[in-house]
Amino acid sequence: MRHTGAVIKLLLWPLRWIFRILFALLILFEEWGWEPLRRAFAWLASKLPLRWLERRLSTLPPYGALIVLLLPSLLILPIKLGAVWLVAKGRVLLGVGVVIAAKVGGTALLAWLFHLIQPALMRLGWFARLYERWTAWKAELLAWVRASAVWRSARALKAGLRRWWRRVRGRPDA
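By convention here, each chain's residues receive numbers from 1 onward along its written sequence. Only residues with pLDDT of 70 or above have their local features reported here, since the model is predicted, and side-chain atom pairs are shown and tallied only from 80 upward, although totals for entire chains, interfaces and linings are computed over all residues. Only hydrogens and water are set aside; all other atoms, that is, all heavy atoms of the structure, feed into the side-chain values.

### Considering a positive patch on the surface
For clarity, the threshold we go by: To count toward a patch, a residue needs a relative accessible area above 30% and no salt bridge. Like charges then connect within 9 Å, nonpolar side chains (Val, Leu, Ile, Met, Phe, Trp, Tyr) within 5 Å. Under the convention used here, a 1.4 Å probe and the Shrake-Rupley method define accessible areas, while residue burial counts only the protein chains that appear. By definition here, a salt bridge exists when the distance from a side-chain nitrogen of Lys or Arg to a carboxyl oxygen of Asp or Glu is within 4 Å. Charged-residue counts in this description rest on Lys and Arg as positive and Asp and Glu as negative, His and the chain ends being excluded. Note that the charge is assigned to NZ on lysines, CZ on arginines, CG on aspartates and CD on glutamates. Elements are defined by DSSP. Helices are runs of H or I of four residues or more, strands are runs of E of two residues or more, and each kind is numbered from the N terminus.
On the surface, Arg 146, Arg 155, Lys 158 and Arg 162 cluster together to form a positively charged patch. Tallying contributions element by element places helix H6 (residues 149-168) first for the positive patch, with three residues. Counting through the fold element by element, Lys 158 comes out in helix H6.

### Concerning helix H5 (residues 125-146)
Stated precisely, the cut-off is as follows: For a helix, the expected span equals 1.5 Å multiplied by the residue count minus one. Think of it in three bands: with a 1.4 Å probe and only protein chains considered, a residue is buried below 20% of the maximum accessible area for its type, exposed above 50%, and partly exposed in between. Working definition: the arc comes from the directions between the helix axis and the C-beta atoms, pointing outward to the latter.
Counted at 1.5 Å a residue, the expected span for H5 with its 22 residues is 32 Å, and the 31 Å between its end C-alpha atoms agrees. Restricting attention to buried positions, one finds in H5 the residues Phe 127, Lys 138, Leu 141, Leu 142 and Val 145. Buried residues of H5 fall within an arc of 95 degrees about the axis and therefore sit on the same side. Along H5, exposed side chains directed more than 90 degrees from the buried face belong to Arg 129, Glu 132, Arg 133 and Glu 140.

### Quick notes on the pattern of salt bridges
Applying the stated rule across the entire model yields three salt bridges. The shortest N-O distance in the salt bridge between Glu 54 and Arg 51 comes to 2.6 Å. Residue Glu 54 and its partner Arg 51 are both found in helix H2 (residues 51-58); the two are separated by three residues, about one turn of the helix. Given the relative accessible area of 11%, Glu 54 is considered buried. Look at Arg 51 and you get partly exposed, because its relative accessible area is 42%.

### Section: the layout of surface pockets
Basically, it comes down to this: Both site types are read off a 1 Å grid over the protein atoms alone. A 1.4 Å probe that fits but cannot get out defines a cavity, while an open set with protein on both sides within 12 Å along at least five of seven lines defines a pocket; lining residues have an atom within 4 Å of a point. Grid points are joined across faces, edges and corners, and a volume is the space filled by probe spheres set on the points. Residues are grouped as follows: Ala, Val, Leu, Ile, Met, Phe, Trp, Tyr, Cys and Pro are nonpolar; Asp, Glu, Lys and Arg are charged; every other residue, Gly included, is polar.
Of the volumes computed, that of the largest pocket is approximately 950 Å³. Lining the largest pocket are 26 residues, with Glu 30, Trp 34, Leu 69, Leu 110 and Trp 134 positioned closest to its centre. Within the residue set of the lining of the largest pocket, elements represented by two or more residues are helix H1 (4-47), helix H3 (62-88), helix H4 (92-121) and H5. Of the residues forming the lining of the largest pocket, the biggest block, eight residues, is contributed by H4. When grouped by side-chain class, the residues that make up the lining of the largest pocket number 14 nonpolar, six polar and six charged. Space inside the second largest pocket adds up to approximately 310 Å³. Broken down by secondary-structure element, the contributors of at least two residues to the lining of the second largest pocket are H1, H5 and H6.

### Overview of the packing of H3 against H4
The following threshold applies: Axis definition: a line fitted to C-alpha atoms, over the contacting stretch in the case of helices. Angles run 0 to 180 degrees between N-to-C directions. For classification, angles of less than 35 degrees are called roughly parallel, those exceeding 145 degrees roughly antiparallel, those between 65 and 115 degrees roughly perpendicular, and all remaining angles oblique.
Closest axis-to-axis distance for the H3/H4 pair is 9 Å, and the angle between their directions is 180 degrees. In terms of orientation, H3 and H4 fall into the roughly antiparallel class.

### Regarding the packing of aromatic side chains
Convention followed: Any two of the Phe, Tyr and Trp rings considered here, Trp counted by its six-membered ring, make a pair once their centres fall within 6.5 Å; the pair's planes then place it as stacked at under 30 degrees, edge-to-face at over 60, or tilted in between.
According to the stated counting rule, one finds seven aromatic pairs in the structure shown. Consider the rings of Phe 127 and Tyr 131, whose centres lie 6.5 Å apart with planes at 10 degrees: the pair is stacked. Taken together, the residues Phe 127 and Tyr 131, both in helix H5 and four residues apart, mark about one turn of the helix. Centre to centre, the rings of Trp 164 and Trp 165 are 6.1 Å apart; their planes meet at 45 degrees, and the pair counts as tilted. The exposure class of Trp 164 is partly exposed, given its relative accessible area of 46%. Taking relative accessible area as the criterion, Trp 165 reaches 46% and is therefore assigned partly exposed. Here a set of aromatic residues connected by ring pairs shows up, and it is made of Trp 34, Phe 114, Trp 126, Phe 127 and Tyr 131.

Below you can see the structure in the form of structure tokens.
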């Protein structure tokens with residue numbers, strides 16, 4: 001009976017690593033995409049008459065900002081359900097494309113919103129504590145990924161491809 005806990009831990013160990021890798025991939029996407037997508041959405045907002053909305057969002061009270069933070073998730077839900085419907089109808093590539101477009105668009109919108117409302121959100125003590133824990137956990141996970149052999153190999157491959165591309169274009173290594 002004493003070995004039951006050890007057996008469960010042994011059985012759950014692969015799941016823990018699978019989830020860690022999946023979370024790492026998700027966080028890497030967010031890390032790489034967050035700031036460029038935020039800037040792209042801010043640029044789009046500057047071309048549309050949305051400056052008034054930016055000003056309004058940046059003056060929201062803390063709980064109003066929290067509601068705004070949750071809105072993109074609610075807006076994306078019908079799109080994801082539509083994507084599931086497309087897949088069920090046999091339009092798998094279109095459904096997957098819709099999910100990817102929704103993820104990219106939703107990340108851009110969320111990054112833009114968060115940039116505007118973060119000061120208000122940080123006035124909520126519990127949110128500030130959760131955000132601090134999240135960023136610490138994310139930093140630890142990213143350090144784990146960046147220390148991995150796969151990451152180092154990918155970085156070396158990327159650097160090699162850049163050098164090769166510069167040579168092909170007739171530019172010396174920088």
